[in-house]
Amino acid sequence: LDVIVLLYSDVKEQFSGETQELNIRYVNIIIMTYMAALCRNYRLVGSHYNVGRKFFSTNNKRIVDLRSDTVTQPSSAMLHAATQATTGDDVMGEDPTVTALEHYAAELFGKDEALYVPTGTMGNMCAILSHCHYNKSAEMIIGTKSHINLYEGGGYANLAGVSCKQIPEDEHAMFAFDDIRDAYFCDDDVHYAKSTLICLENTHNMLGGVALPASYISSIGKLARERDMKLHIDGARIMNAAVALNTSPSSLCEGADSISICLSKGLGAPMGSVLVGETEFIRLARRARKRLGGGMRQAGVIASMGMHALTNNVDRMSDDHSRAQRIASKLKDAGFFLPRDGKVDTNIVFFALPENSKLTKEELPPKMFEKYGVKIAGGYSKGGRMFRLVTHMDVDDEGVDAAIEGIISLCVP
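The structure contained in this document is the topic of the report that follows. (Residues numbered from 1 in each chain as written. Predicted model: local features only at pLDDT ≥ 70, side-chain atom pairs only at ≥ 80, totals over all residues. Heavy atoms only, no water.)

**Observations regarding the packing of helix 4 (residues 96-108) against helix 13 (residues 300-312)**
At step 1: Interhelical geometry of helix 4 versus helix 13 gives an angle of 30 degrees and a closest axis separation of 8 Å. Here helix 4 is positioned roughly parallel relative to helix 13, judged by the angle of their axes. Here helix 4 and helix 13 pass one another in a crossing that is left-handed. Contacts between helix 4 and helix 13 involve Thr97, Val98, Ala100, Leu101, Tyr104 and Leu108 on the former and, on the latter, Gly300, Ala303, Ser304, Gly306, Met307, Leu310 and Thr311.
At step 2: Among the residues making up the contact of helix 4 with helix 13, the classes are represented as 8 nonpolar, 5 polar and no charged. (Axes fitted to C-alpha atoms, helices over the stretch in contact; angles between N-to-C directions. Helix = DSSP H or I, 4+ residues; strand = E, 2+ residues; numbered from the N terminus. Parallel < 35°, antiparallel > 145°, perpendicular 65-115°, else oblique. Left-handed = near helix turned anticlockwise from the far one by under 90°. Contact = heavy atoms within 4.5 Å. Nonpolar A, V, L, I, M, F, W, Y, C, P; charged D, E, K, R; others polar.)

And the structure:
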């Protein structure tokens, strides 16, 4: 409360020379922006989540949150962009900020049009509904470890009415071409659903942020077209892939028919995804978004933060990748197990404890938070032996040092 009073006094003093009456709306926005900046800079272990209790913790440790790149806080510049956004009713197609974001994303990926949606899961679902719109016995081919298969609530079945064939990915997140051919069915037999869609994931979350190259995507796209199928990319972290491969998004995804791009992961926006594709595909996806309850009104407020993310937070992703690679190298040298012999493409690191670890897999996360203020996520893979660390724009070199020191000192005898 003291902080808010001081901020209010500061804002009032700034406005006093210009106007006699304060616009309460903008005062509140400015205060919220300052408070968000404070929370971003002083994310301390303790009861800071509840401003009504105690903002600063007596523990006095910074939080380093490596559970996901979805935990980032919007920057002050991003929040400022939201306060300046011009808005309209997007369901009526009248929000200029949303339209600008969609046009920018479509051009960035070399596609005809784009659609702004609230979440990545909805982006993928809109893509499935659009690609399978005219085929009521559709089947899609997806990876066994893909996000669409594991973490999107089975929406392709219970919402889209689409069946699927799951085929394995290798350690490089690639399908064997023979597996795709074996999984394919046309509609010349009444017993079979018609193979309509192939879905790739780039980067691939459960395989450690592996980046699929343009050559592979083009090959899969060619195979799909030869069999009258479409290729969709779940590109929740597609910008990480483009940065890691040092290529443009349009070149990387030239062989795909559609791509969903998440703005709230490594790009740092608080919410939103963009789906890109050809004109008719987006028309049908827009209809699907409405059926899924994803139509938004003055969405320019949040779309402006997505635009800020796309235009300001892409190049810096290489820093996240370097930090993840440093974590992987240090853990491998200390005797931890890492998939792909410790090779890390982007910002995700999976690891398992050494056999002689001083702590169990259940003990490590709470100890890391208690002693080092570092949050990590465990329970991945069969038996839950794997941990996942994800670097992002809110984790700096000091935070990475704390994570490395904590994991090694707590586990290695």
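**What to know about the pattern of salt bridges**
At step 1: This model, assessed by the stated rule, comprises 21 salt bridges.
At step 2: The residue Asp178 makes a salt bridge to Arg181 at a minimum N-O spacing of 3.0 Å. Of this pair, Asp178 and Arg181 both sit in helix 8 (residues 177-183), 3 residues apart, roughly one helical turn.
At step 3: The exposure class assigned to Arg181 is partly exposed, which follows from its relative accessible area of 39%.
At step 4: Among the salt bridges present, the one from Asp341 reaches Lys332, with a minimum N-O distance of 3.9 Å. (Salt bridge = Lys/Arg side-chain N within 4 Å of Asp/Glu carboxyl O. Buried < 20%, exposed > 50% of the residue type's maximum accessible area, 1.4 Å probe, protein only.)

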